[in-house]
Structure formats: structure tokens, C-alpha cells
Amino acid sequence: MELSQRIVSPQKLVQSQGAKILVYGMAGSGKTTLAKTCPGKVLVISAEAGLLSIQDAQNVDAIEVKEASEVMSLHDALKSGQLEYDTVVLDSVSEISEILLTWEKSR
């Protein structure tokens, strides 16, 4: 397909790609609680103890990760469609990045 045929409105791209957001704030400001308000089926990938605020959420599943291999397996399963979720929450990005950084350093 030619490049000129791929040009569309931003609205059309957003509809097909969805939104990607980063929520930043102090501890206790409600970042994890916000996951309950996300549309559709939600997966929280957690690397820290702190899911009490969403324990009663009906649309939220959670998995705790401790190793880089788990994070990468989840990524692959989500990307391939083996796991299907409308929203994926990383709780917290800093903790998960530490897991991945430690793994990278060990290589």
C-alpha cells in the first residue's frame, strides 16, 4: 500500500490503536484505584504489594511478577492475543523497570 493511501485522521488512528497513558503521582494519590475505572477487562501486572484499593473490582484481574521472564512472558501473551485484555496496568512502572534492569545487568 502506498504511503498516501495510509494517511487518515488522528481520530481513526486512536480508534484502532487505543490510548496509552502514564499516571504519575505520590504514594496514596489513587493511581492504582484508577485502574477500577478503566474500560473493559483490566489486567494489573503488579510488582509491589498494594492492591487493597482494587480488591473488590469486578472487571480487574491481577498477577504479581517477581522476575523479568514473567514480565516478558506476559508481554508475549498479550501481544499474541493469548491473553486478551482491554487495559493493562503496570503497578508500578518503577518496580517493573527495576526487575528488568537487574536482569539486563546480569546478562
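Everything that follows concerns the structure shown earlier in this document.
Conventions used here
- Residues numbered from 1 in each chain as written.
- Predicted model: local features only at pLDDT ≥ 70, side-chain atom pairs only at ≥ 80, totals over all residues.
- Heavy atoms only, no water.
- Helix = DSSP H or I, 4+ residues; strand = E, 2+ residues; numbered from the N terminus.
- Rg over C-alpha atoms; globule rule 2.2 N^0.38 Å.
- Buried < 20%, exposed > 50% of the residue type's maximum accessible area, 1.4 Å probe, protein only.
- Contact = heavy atoms within 4.5 Å.
- Areas by Shrake-Rupley, 256 points an atom, 1.4 Å probe, with all protein chains shown as cover.
- Lys, Arg positive; Asp, Glu negative; His and termini not counted.
- Charge placed at Lys NZ, Arg CZ, Asp CG, Glu CD.

### Topic: the overall build of the protein
Secondary structure assignment for the protein yields 3 helices and 3 strands. Its C-alpha radius of gyration of 16 Å places the protein more than 25% over the 13 Å reference for a compact globule of 107 residues. The burial tally for the protein puts 21% of its 107 residues in the buried class. Expressed as a percentage of contacts within the protein between residues at least 6 apart in sequence, the contacts between residues at least 24 apart total 51%. When the accessible surface of the protein is summed, it comes to about 8300 Å², and 55% of that surface belongs to carbon and sulfur atoms. The average position of the 10 basic charges and that of the 14 acidic charges among the side chains of the protein differ by 6 Å.

### Structural notes on helix H1 (residues 10-17)
Burial analysis of H1 places just 0 of its 8 residues in the buried class, which makes it a mostly uncovered element. With its phi angle positive at about 75°, Gly18 sits one or two positions after the end of H1.

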